[in-house]
Amino acid sequence: MANDLPIAAVVRIAKNNGAERVGSDAAQAIADAAQEYIAELTREASKYAKHAGRKTIKKEDVDLAVNELNL
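Let me begin by describing the structure that accompanies this report.

Our focus in this paragraph is the overall build of the chain. The number of helices and strands found in the chain is three helices and zero strands. Taken from N to C terminus, the helices and strands of the chain fall in the order α-α-α. Against the 2.2 N^0.38 benchmark of 11 Å for 71 residues, the chain shows a C-alpha radius of gyration of 15 Å, more extended than a compact globule. Overall, the chain is about 45 × 25 × 15 Å in size when its C-alpha atoms are taken along their principal axes. Out of the 71 residues in the chain, the part that is buried amounts to 20%. Partitioning the contacts of the chain with sequence separation of at least 6, the portion at a separation of at least 24 is 43%. Computed over 10 positive and 11 negative side-chain charges, the inter-centroid distance for the chain is 6 Å.

If you check helix H2 (residues 24–51), its first and last C-alpha atoms are 41 Å apart, about what 28 residues at 1.5 Å a residue would give, namely 40 Å. Within H2, the full set of buried residues consists of Ala27, Ala31, Gln35, Leu41, Glu44, Ala45 and Ala49. Check the buried side of H2 and you find it contacts helix H1 (7–16) and helix H3 (59–69). One or two residues past the end of H2 sits glycine 53, with phi positive at roughly 80°.

Taken residue by residue, H1 has Ala9, Val10, Val11 and Ala14 as its buried positions. Buried positions along H1 lie against H2. In the stretch just after H1, glycine 18 is the one whose phi turns positive, near 110°.

Two elements in contact, H2 and H3, have axes whose closest approach is 8 Å; the angle formed by their N-to-C orientations is 115°. Here the hand of the crossing between H2 and H3 comes out right-handed. Residue-level contacts link Tyr37, Glu40, Leu41, Glu44, Ala45, Tyr48 and Ala49 of H2 to Asp61, Val62, Leu64, Ala65, Val66, Glu68 and Leu69 of H3. Residues that form the contact of H2 with H3 fall into these classes: 10 nonpolar, no polar and four charged.

Parameters and conventions
- Residues numbered from 1 in each chain as written.
- Predicted model: local features only at pLDDT ≥ 70, side-chain atom pairs only at ≥ 80, totals over all residues.
- Heavy atoms only, no water.
- Helix = DSSP H or I, 4+ residues; strand = E, 2+ residues; numbered from the N terminus.
- Rg over C-alpha atoms; globule rule 2.2 N^0.38 Å.
- Buried < 20%, exposed > 50% of the residue type's maximum accessible area, 1.4 Å probe, protein only.
- Contact = heavy atoms within 4.5 Å.
- Lys, Arg positive; Asp, Glu negative; His and termini not counted.
- Charge placed at Lys NZ, Arg CZ, Asp CG, Glu CD.
- Expected span 1.5 Å × (residues − 1).
- Axes fitted to C-alpha atoms, helices over the stretch in contact; angles between N-to-C directions.
- Left-handed = near helix turned anticlockwise from the far one by under 90°.
- Nonpolar A, V, L, I, M, F, W, Y, C, P; charged D, E, K, R; others polar.

Laid out in structure tokens, this is it:
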């Protein structure tokens, strides 16, 4: 899967959360996992928006999706 997340941002987030250093392969693995998380969350939130008769995903849809997916 092509990754749209900037690796520098992934490394910055990792460092802000306790990592002293992040290898490039680890940064790529984190970015891949984060992208899959975002994709799954978006798919689930989209279902809630469609159920409500909307095309636009709202925060409430995301909140419901997070709860549904236990993420």
